[in-house]
Amino acid sequence: MIKEIILAVIVSFDTFLVTSACFGSGIRIPLVPAVLIDLIGGAVLGLSLGLSEMISRAVSEEICRSVGTAVLCLIGTVTVFKSLLRSLIRRLSERGELSLKTGNSGLMIKLYLDDTAADLDHSSSLSVSEAAALALASSLDSAAIGLGSGAAGISPVKAAVFAFISGAAAIGGGYLAGKKISSLSHDLSWLGGVFLILFAVFGQSW
């Protein structure tokens, strides 16, 4: 059960950062959109873990674990570099040295780079559709993590349940810490990548 809890906490770290960015920017997340964000996050993790578990049955356990460890380390590394990229893009944008022009087709890209872009109608409050788009964009890493963890003996159902619980705590924490987190000049999502690499390397012995 410890693996499910740790994985759920790692996945929920992105939810914490996303919601803190929204709250810190003055964007409200009403109860229904907040629950939807939490449900989508848990569902994506559970489904991707289930799919990975099915795939692992056709391959030897040793190969699955080796590949899973490599994939999780790769995702963790990509997360760290993504954080650095987001920080760089934000700094260039603030200096007026970069202008990103993306229409509706580029919504996922905008959300990937700027969590506050979810408030499309600039109402300072996320609607259900805006919350769904934000949740799907932030769940891309969760899906990849789930697909890379199927051979680690992790229960998809338990992981999804714990992800829902930790996700609710992350949203609450994001509300409380929003202004402090958003006032920082650096993107902290790289911490999730570091935690994931540690989980990939040492998780097999738990």
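Residues numbered from 1 in each chain as written. Predicted model: local features only at pLDDT ≥ 70, side-chain atom pairs only at ≥ 80, totals over all residues. Heavy atoms only, no water.

1. Comments concerning the overall build of the protein
Here comes step 1: Each helix and strand counted, the protein has eight helices and zero strands in total.
Here comes step 2: Sequence-ordered secondary structure for the protein, helices as α and strands as β, is α-α-α-α-α-α-α-α.
Here comes step 3: Across the 206 residues of the protein, 44% fall into the buried class.
Here comes step 4: Of the contacts formed within the protein by residues at least 6 apart in sequence, a portion of 87% connects residues at least 24 apart.
Here comes step 5: In the form shown here, the protein has an accessible surface area of approximately 10700 Å², with 69% of it arising from carbon and sulfur atoms. (Helix = DSSP H or I, 4+ residues; strand = E, 2+ residues; numbered from the N terminus. Buried < 20%, exposed > 50% of the residue type's maximum accessible area, 1.4 Å probe, protein only. Contact = heavy atoms within 4.5 Å. Areas by Shrake-Rupley, 256 points an atom, 1.4 Å probe, with all protein chains shown as cover.)

2. Details of the nonpolar core
Here comes step 1: Ranked by size, the top nonpolar core spans 15 residues in total, and within it L7, L45 and I145 carry the most contacts.
Here comes step 2: Looking at this core, the elements that each hand over two or more residues are α1 (2-24), α2 (31-56), α3 (61-94), α7 (156-182) and α8 (190-202).
Here comes step 3: Broken down by element, this core gets its largest block of residues, four residues, from α1.
Here comes step 4: With near-sequence residues (within four places) excluded, L45 lies in contact with L7, V11, S142, G146, A159 and A163.
Here comes step 5: Ranked by size, the runner-up nonpolar core spans 14 residues in total, among them I27, V44, A131 and A135. (Core = buried A, V, L, I, M, F, W, Y, C linked by side-chain atoms within 4.5 Å.)

3. Quick look at empty space enclosed by the protein
Here comes step 1: Applying the stated criterion across every chain, the model contains three cavities of 30 Å³ or more.
Here comes step 2: For the largest cavity, the calculated volume is near 130 Å³.
Here comes step 3: Lining the largest cavity are 14 residues, with V11, T15, I37, G41 and S142 positioned closest to its centre.
Here comes step 4: Of all the secondary structure elements, the ones that give two or more residues to the lining of the largest cavity are α1, α2, α5 (128-138) and α7.
Here comes step 5: For the lining of the largest cavity, a count of residues per class yields four nonpolar, eight polar and two charged. (1 Å grid on protein atoms, 1.4 Å probe; cavity = no way out; pocket = protein on both sides within 12 Å on 5 of 7 lines; lining within 4 Å. Points joined across faces, edges and corners; volume = space filled by probe spheres on them. Nonpolar A, V, L, I, M, F, W, Y, C, P; charged D, E, K, R; others polar.)

4. Some thoughts on the environment of L140
Here comes step 1: On the secondary structure map, L140 appears in helix α6 (residues 140-147).
Here comes step 2: Accessibility expressed as a relative area gives 47% for L140, which makes it partly exposed.
Here comes step 3: Between the alpha carbons of L140 and V44 there is a distance of 8.5 Å; along the sequence they are 96 residues apart.

5. Looking at the packing of aromatic side chains
Think of a pair of aromatic rings as described by two things: how far the centres are apart, and how the planes are tilted against each other in angle.
Here comes step 1: Per the counting criterion, the structure on display carries three aromatic pairs.
Here comes step 2: For the ring pair F13 and F195, a centre distance of 6.1 Å and an interplane angle of 75° mean the geometry is edge-to-face. Here the residue F13 occupies a position in helix α1, and F195 occupies one in helix α8, the gap between them amounting to 182 residues.
Here comes step 3: F13 gets classed as buried once you look at its relative accessible area, which sits at 17%. (Phe/Tyr/Trp six-rings, centres within 6.5 Å; stacked < 30°, edge-to-face > 60°.)

6. Quick look at the packing of α1 against α8
Here comes step 1: Two numbers describe how α1 lies on α8: the axes approach to 9 Å, and their chain directions differ by 160°. The pairing of α1 with α8 is recorded here as roughly antiparallel in orientation. Here the hand of the crossing between α1 and α8 comes out left-handed. Contacts between α1 and α8 pair K3, I6, L7, I10 and F13 from the former with L191, G192, F195, L196 and F199 from the latter.
Here comes step 2: Per-class residue counts for the contact of α1 with α8 are eight nonpolar, one polar and one charged. (Axes fitted to C-alpha atoms, helices over the stretch in contact; angles between N-to-C directions. Parallel < 35°, antiparallel > 145°, perpendicular 65-115°, else oblique. Left-handed = near helix turned anticlockwise from the far one by under 90°.)

7. Observations regarding the side chain of T19
Here comes step 1: Among the secondary structure elements, T19 is positioned in helix α1.
Here comes step 2: Polar contacts involving the side chain of T19 include one to the main-chain carbonyl oxygen of T15, which spans 2.8 Å.
Here comes step 3: Within the structure, T19 has its side chain in polar contact with the backbone oxygen of F16 (distance 3.1 Å). (Polar contact = N/O pair within 3.5 Å; in protein donor to acceptor, adjacent residues only side chain to side chain.)

8. Some remarks on the environment of F23
Here comes step 1: Along the chain, the position of F23 falls in helix α1.
Here comes step 2: Residue classification places F23 among the buried positions, given a relative accessible area of 16%.
Here comes step 3: Along the primary structure F23 and L176 are separated by 153 residues, whereas in three dimensions their C-alpha atoms are 8.5 Å apart.

These results come straight from atomic positions and should not be treated as a statement about function.
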